Amino acid sequence: MPSLHDTTPAMAPSYDTPEGVDIRGRYDPEFAAILTRDALAFVAGLQREFRGPVRYAMERRREAQRRYDAGELPRFDPSTRFVREGDWACAPVPPAIADRTVEITGPADPRKMVINALNSGAKVFMADFEDALAPTWENLMRGQVNLRYAVAGTISFRDAARGGRVYKLDERTAKLFVRPRGWHLPEAHVLIDGEPAIGCLVDFGLYFFHSHAAFRAGQGAGFGPFFYLPKMEHSREARIWNGVFERAERVAGIERGSIRATVLVETLPAVFQMDEILHELRDHSAGLNCGRWDYIFSYVKTFRAHPDRLLPDRALVGMAQHFMRSYSHLLIRTCHRRRVHAMGGMAAQIPIKDDAAANEAALELVRRDKLREVRAGHDGTWAAHPGLIPAIREVFEGHLGGKSNQIDAAAGGVAVRATPELLARVVEEEMARVQAEVGAERFRRGRYAEAGRVFIRQCVAPELDDFLTLDAYGLIVVHHPRGTPSKL
Ligand SMILES: CC(=O)SCCNC(=O)CCNC(=O)[C@H](O)C(C)(C)COP(=O)(O)OP(=O)(O)OC[C@H]1O[C@@H](n2cnc3c(N)ncnc32)[C@H](O)[C@@H]1OP(=O)(O)O
Ligand SMILES: O=CC(=O)O
Ligand SMILES: [Mg+2]
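This one's a predicted model, so the numbers in the text were calculated from it and none came from an experiment.

Definitions and limits used
Residues numbered from 1 in each chain as written. Chains lettered and ligands numbered in written order. Predicted model: local features only at pLDDT ≥ 70, side-chain atom pairs only at ≥ 80, totals over all residues. Heavy atoms only, no water. Domains from an automatic or database assignment. Near = heavy atom within 4 Å. Polar contact = N/O pair within 3.5 Å; in protein donor to acceptor, adjacent residues only side chain to side chain. Areas by Shrake-Rupley, 256 points an atom, 1.4 Å probe, with all protein chains shown as cover. Helix = DSSP H or I, 4+ residues; strand = E, 2+ residues; numbered from the N terminus. Nonpolar A, V, L, I, M, F, W, Y, C, P; charged D, E, K, R; others polar. Pairing = 2+ DSSP bridges. Axes fitted to C-alpha atoms, helices over the stretch in contact; angles between N-to-C directions. Contact = heavy atoms within 4.5 Å. Donors = N, O, S within 2.8 Å, 3.2 Å for Na, K, Ca; no water. Buried < 20%, exposed > 50% of the residue type's maximum accessible area, 1.4 Å probe, protein only. Disulfide = S-S within 2.5 Å. Patch = residues over 30% accessible without salt bridge, like charges linked within 9 Å, V, L, I, M, F, W, Y side chains within 5 Å. Salt bridge = Lys/Arg side-chain N within 4 Å of Asp/Glu carboxyl O. Parallel < 35°, antiparallel > 145°, perpendicular 65-115°, else oblique. Phe/Tyr/Trp six-rings, centres within 6.5 Å; stacked < 30°, edge-to-face > 60°.

A. Quick peek at the domain arrangement of the chain. Entries for the chain in the domain assignment read domain 1 (37-410) and domain 2 (420-473). Taking the mean C-alpha position of each, domain 1 and domain 2 sit 48 Å from one another.

What follows is the structure in structure tokens.
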């Protein structure tokens, strides 16, 4: 206790940090409840184990870009063909997130928006530390505080600007997914061994440390927490995330495969790595998402030295364009083959206040965009604003007819794998049907069986013949040596 005459200046409060960790951000008692010594030690452990692989992955990104600048195009990696062609599936979808038809996105702060998003009627809320949040110290730390209260179910907010209206959680809320920053962003306010921490490990680590137990006991029904992973360019980056998840599960003493994550396929190089990304995360996967806006940006950036790849004005680059449609169809096919959700992306429109006609026009664009997505096979999609949720739900629920998703649908060639054996069986069945229809005699004279064999041969030939008739011609040639008259 300082005496009345003590002239020593009072010590400013500061964070209690473990060895090698230094916090440079403003002190706040609420933040201190997040930045505990144990939580920081957990984050430091992640940083120390994964900083080498992350540095290497970032260098490989730069090296790939140098190759694209020299004229190379992104492509499927021949060395991972066995992954693309192999028959494997991701771990079964946790029941708590089987239905993801509408997901709302928004920043992890302000608190009012977090509560509104959780109460919005969406199936999932993706709380964002990435695209939707400027990564200032205050935003990030308030976001962490909000999420902790949200998972605990105690989050509330009194809005003075709204006459003291109190916001708190409804009985039923959206399931929480958290999107940490991309691998590229440092966190300059947290130094570990003298260097800035990797931003996403801070976001992931603090949230996981404080909320995994409450999340699994509540929202996740035995699974979780759930994440969205942004801006990856290669499956080696997914491998790092998988390592992060395994370490977190080990440290927390929870089952391997509890944590689940949806990867945003939002860079051009990642489009050629979808199977590989899912394979790396197969015990922790919750599917893929078409992050269309970053994807367009990545296309422009990847092809910056390719004048023949210049895109037109942004407004003209929509999901109906051929290259965008191909990207979403490949994502859907890949996800369903691996038994996980194929999530759609963000329509740019939000409700327009005070102009009913413009508002209806915007809503109509959203409806059309979402109808295209659900017809193509997407299992769910994003809304940026609560006002869009009823219209999007109507489109998705109307199309799904009571099912939670389309993972089991034949859409995208998912349930059936085309093989030469399957083809032979189908042709045999068809031949039996034709024979029953035309009768045995006509079947023999019509040479249907030979036609079936030609058809199969043409279908499975490594190289397509120029013309079907070249192959079939040999079957109709009848030689009459030295012009003997025909007996026919
Ligand atoms: C490329 C990508 O990554 S897309 C994903 C990242 N981007 C996003 O997630 C954008 C999310 N959306 C938003 O941030 C907001 O909707 C904005 C900024 C576009 C518009 O927000 P506002 O100007 O507040 O909209 P508006 O005034 O119409 O809000 C009406 C109410 O809806 C709430 N609201 C609006 N958007 C959201 C949201 N995404 N989540 C939760 N609540 C929301 C507001 O809090 C407000 O609540 P109140 O009536 O209780 O005060
Ligand atoms: O994160 C989403 C996107 O479209 O970018
Ligand atoms: Mg994005």
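B. Seen up close, the site of ligand 2. Residues in contact with ligand 2, as listed here, are Asp131, Arg179, Leu264, Glu266, Gly291, Arg292, Trp293, Asp294 and Trp382. At 3.0 Å from an oxygen atom of ligand 2 is found a side-chain nitrogen or oxygen belonging to Glu266. Protein contacts shield 94% of the accessible area of ligand 2, which totals 190 Å² for the unbound molecule. Among the elements that make up the shell around ligand 2, the one with the highest residue count is helix 10 (residues 292-302) (three residues). Each residue belonging to the shell around ligand 2 can be placed in one class, and the counts come to three nonpolar, one polar and five charged.

C. Representation of the sheet that holds strand 13 (residues 380-383) within the structure. Read around the closed barrel, the eight strands follow the order 2-3-6-9-10-11-12-13; overall the barrel is parallel. Here the strands of the sheet are splayed against their neighbours by 25° on average, with no regard to which way each runs. Packed onto the sheet, helix 13 (residues 389-400) meets strand 2 (102-107) and strand 13 and runs at close to 170° relative to strand 13.

D. The site of ligand 1, seen in detail. Contacts to ligand 1 come from 22 residues, most closely from Thr105, Lys112, Asp131, Tyr167 and Lys353. In the environment of ligand 1, an oxygen atom lies 2.4 Å from a nitrogen or oxygen atom belonging to the side chain of Lys353. Coverage of ligand 1 by the protein amounts to 70% of the 950 Å² it exposes when considered alone. At the level of secondary structure, the elements contributing two or more residues to the shell around ligand 1 comprise strand 2, helix 4 (111-118) and strand 5 (165-168). Here the shell around ligand 1 is composed, by residue class, of 11 nonpolar, four polar and seven charged.

E. Structural context of unusual backbone geometry. Residue Asp109 is joined to Pro110 through a cis peptide bond whose omega torsion reads 10°. Put simply, Gly224 and Pro225 share a cis peptide bond, and its omega is -5°. One non-glycine residue with positive phi stands out, namely Ala221, at about 45°. By the secondary structure assignment, Ala221 is in the loop between helix 6 (199-217) and strand 9 (226-229). The backbone of Arg339 sits at a positive phi, close to 70°, despite the residue not being glycine. Inspection of the secondary structure assignment puts Arg339 in the loop between helix 11 (322-337) and strand 12 (342-346).

F. Here's a closer look at the coordination of the magnesium ion (ligand 3). Only Asp131 (OD), Glu266 (OE) and Asp294 (OD) from the protein reach the magnesium ion (ligand 3) as donors, at distances of 2.0 to 2.2 Å. Counting gaps between the donor residues of the magnesium ion (ligand 3) yields the pattern D-x134-E-x27-D. With Glu266 in the loop between strand 10 (260-265) and helix 8 (268-271) and Asp294 in helix 10, the pair connects residues that are 28 residues apart, well separated along the chain. Comparing Glu266 with Asp294 shows no difference in burial state: the two are buried.

G. Expanded view of the state of the cysteines. Scanning all chains against the criterion turns up zero disulfides. Here Cys335 stays unpaired: no disulfide links it, and the sulfur of Cys90, its closest cysteine neighbor, is 8.1 Å away. Classification of Cys335 by relative accessible area gives buried; the value is 0%.

H. Spotlight on a nonpolar patch on the surface. A contiguous nonpolar surface patch, about 370 Å² in accessible area, is contributed by Tyr473, Leu475, Ile476 and Val477. With respect to the helices and strands, Tyr473 occurs in helix 17 (residues 468-473).

I. The arrangement of the packing of helix 2 (residues 37-69) against helix 7 (residues 235-252) in detail. One can describe the packing of helix 2 onto helix 7 by two numbers: an axis separation of 10 Å at closest approach and a directional angle of 175°. When the interaxial angle is binned, helix 2 and helix 7 end up roughly antiparallel. Within the contact between the two elements, helix 2 uses Phe42, Gly45, Leu46, Glu49, Phe50, Pro53, Val54, Tyr56, Ala57, Met58, Arg60 and Arg61 and helix 7 uses Arg236, Glu237, Ile240, Gly243, Val244, Arg247, Ala248, Arg250 and Val251. Here the residues of the contact of helix 2 with helix 7 are counted per class, giving 12 nonpolar, two polar and seven charged.

J. How the structure looks around the packing of aromatic side chains. For the structure shown, the criterion picks out 22 aromatic pairs. A ring pair is formed by Phe177 and Phe226, whose centres lie 5.3 Å apart and whose planes are at 35°; its orientation type is tilted. One end of the pair, Phe177, is in strand 6 (residues 175-179); the other, Phe226, is in strand 9, with 49 residues separating them in the sequence. Judged by its relative accessible area of 0%, Phe226 falls in the buried class. Taken together, a centroid distance of 5.0 Å and an interplanar angle of 50° make the contact between Phe204 and Phe227 tilted. With Phe204 in helix 6 and Phe227 in strand 9, the pair connects residues that are 23 residues apart, well separated along the chain. For the pair Phe204 and Phe227, one class covers both residues: buried.

K. Geometry of the sheet that holds strand 8 (residues 195-198). Spatially, three strands are ordered 1-7-8 in an open sheet, and the strand pairing comes out antiparallel. At either end of the open sheet lies a strand with only one pairing partner, and these are strand 1 (21-23) and strand 8. Recorded for the sheet is a direction-independent mean angle of 55° between the axes of neighbouring strands. Bridge analysis of strand 1 against strand 7 (residues 186-192) gives three bridges, and the strand direction is antiparallel.

L. Quick look at the pairing of strand 4 (residues 156-159). Bridging between strand 4 and strand 5 involves four bridges; their strand directions are antiparallel. Paired with Arg158 across the strands is Val166, a residue of strand 5. If you look at the hairpin formed by strand 4 and strand 5, you'll find five residues sitting between the two strands, and Gly163 has a positive phi there, around 65°.

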